[in-house]
Structures are given as structure tokens and as C-alpha cells.
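# Fold and geometry: a report
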Amino acid sequence: MSEYKIYNLWPTPVYENNFLIDNDSIDYVKNIDYERMTTGNGFISTDRYLLQHEKLKHIKDKLDFHIDVYTKKFLDIKDTAEFYIQNSWSNKHLPDDWCQPHYHTGSLISGVYYLDVPKNSGDLVFQRMSSHVNLFHSTINIEYNNANYINDDLQEINVKNGDILLFPSHVMHKIRPNLSNLPRYSLAFNYFVKGKFGTKEFELEIK
């Protein structure tokens, strides 16, 4: 039997890296104003433009750097596309809090930075939507011997302090319940793009 070759066509790229920040910045985020989410399963900062403040500019600068690596070095997007942060907020999940499956509308790239995530406080889970058919349609429940990132509907990432994850905003994701006895803190953010795209009658300019 000859050797076979597999092409993993059109995968969804999720970027992961890690950087640590000073304790003063972490304490600052922990002590800002929060409100209970309407879903009742966590708290969200009342400030939805948190990283635009001078106090946290050094974090935004690092996020911009990683966005540039993700979009320009990995995805090889041309410099005519300029990605910029739209909004940003912090999340606080107390013991037993969790986050329902969701995606981010009105943006192109979303991400999470993990400020303080105690052990067993809830991993990030990416969930394949039924409309995303990369193998077999969900109308046929094919069973597999072993789950992997190609055939499994759920992909769980064990996160730790300082981790940053970037992903297309339309990707469904959720957070496991916080099974620790400590609160869990993270920063979430969205990026959009501006520039000129296409040519002639298909040209689009986003300012």
C-alpha cells in the first residue's frame, strides 16, 4: 500500500501565547466596578472600554503585538488591513459560575487574557457549530474511536495565568464551571479592521 497524504483544508486557527503583567495591574482590574451578568452566571465590568485607559495601556500594547503576529505573520494578511481594538472588559466568575456557549458579533477577532485563573476554575471550550461542516454533516452521527481536533465537536484548552488566546469572533466558545473556591478573572476583547479592500467595482474602504 502506498503512503497516503491528508490535507486539512480550511481549519480554524486559534492563537495561543503567554505573557505576565504586574500585580498592581491585576489588582486594579479586580477592584473596578462589576455587575452581575443578565444570564446570572458571572460578573462583567461596567467599563466596556477597559483597555483604552492609560492605566492598562501596557496590556493593550502587548495585545496589539500578538494581534499583529496572528494576522500578519501567521495569516499573512497584507499591511493594508489595520486591526484595532473595539471594546474590552473584564470578567469575574465566582465558585460555581460558568459561561454559556456564545460568539462575538460585530467584530472579526476576539480574544481572552487570563489574569488570575486558579486551578479548576474553568477551562475555555471551543464548540463546533452545526453549520460548520468540516467533515460529515451533523444529520448523521458518525462515531469515532478517539476524539481529536478534526472530528470532535468540543475542544477544551487548559488555561493558566498570563495565557492569551485569539480566535475568529464567529467561533462558538464557553467556560466550564468554576470548581475552585476562589474567583476567576479574565480580560475579554474584540478587534475589527480598517483599510481598503478589493479593487475597482469591488473596492471597499472601512475607516
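A few points on the structure. (Residues numbered from 1 in each chain as written. Predicted model: local features only at pLDDT ≥ 70, side-chain atom pairs only at ≥ 80, totals over all residues. Heavy atoms only, no water.)

Moving on, we get to the sheet that holds strand β5 (residues 99–102). An order of β5-β10-β7-β8 is seen for the 4 strands of this open sheet, with the pairing classed as antiparallel. In this open sheet, the two strands that pair with only one neighbour each are β5 and β8 (154–157). Neighbouring strand axes in the sheet, compared pairwise and without regard to direction, differ in orientation by 20° on average. (Pairing = 2+ DSSP bridges. Helix = DSSP H or I, 4+ residues; strand = E, 2+ residues; numbered from the N terminus. Axes fitted to C-alpha atoms, helices over the stretch in contact; angles between N-to-C directions.)

Inspection of the secondary structure puts Ser130 in the loop between β7 (124–127) and β8. Residue classification places Ser130 among the exposed positions, given a relative accessible area of 54%. Ser130 sits 41 residues away from Trp89 along the chain, and the two C-alpha atoms are 29 Å apart. (Buried < 20%, exposed > 50% of the residue type's maximum accessible area, 1.4 Å probe, protein only.)

Below, the discussion takes up the side chain of Ser169. One can find Ser169 in the loop between β9 (163–168) and β10 (172–175). Engagement of the side chain of Ser169 in a polar contact is seen with the side chain of Ser107, the distance being 2.8 Å. A distance of 3.1 Å separates a polar atom in the side chain of Ser169 from the backbone nitrogen of Ile109. Filtering out sequence-adjacent residues up to four positions away, Ser169 remains in contact with Tyr103, His104, Ser107, Leu108, Ile109 and Ser110. (Polar contact = N/O pair within 3.5 Å; in protein donor to acceptor, adjacent residues only side chain to side chain. Contact = heavy atoms within 4.5 Å.)

Another aspect to go through is the packing of aromatic side chains. Tallied over the full model, the rule gives 5 aromatic pairs. Ring geometry for Phe19 and Tyr113: centres 4.5 Å apart, planes at 15°, overall stacked. Highlighted residues: Phe19 in the loop between β1 (15–18) and α1 (23–30) and Tyr113 in strand β6 (residues 109–116), separated in sequence by 94 residues. The buried category is assigned to Phe19, whose relative accessible area is 8%. Judged by relative accessible area, which is 2%, Tyr113 ranks as buried. Note on Phe126 and Phe167: the rings are 5.1 Å apart at their centroids and 75° apart in plane angle, and the pair reads as edge-to-face. Here Phe167 lies in strand β9 and Phe126 lies in strand β7, a separation of 41 residues in the sequence. What makes Phe126 buried here is its relative accessible area of 8%. Look at Phe167 and you get buried, because its relative accessible area is 0%. A cation over a ring is seen here: Lys92 above Phe43, with NZ or CZ 5.1 Å from the ring centre. (Phe/Tyr/Trp six-rings, centres within 6.5 Å; stacked < 30°, edge-to-face > 60°. Lys NZ or Arg CZ within 6 Å of the ring centre and 35° of its normal.)

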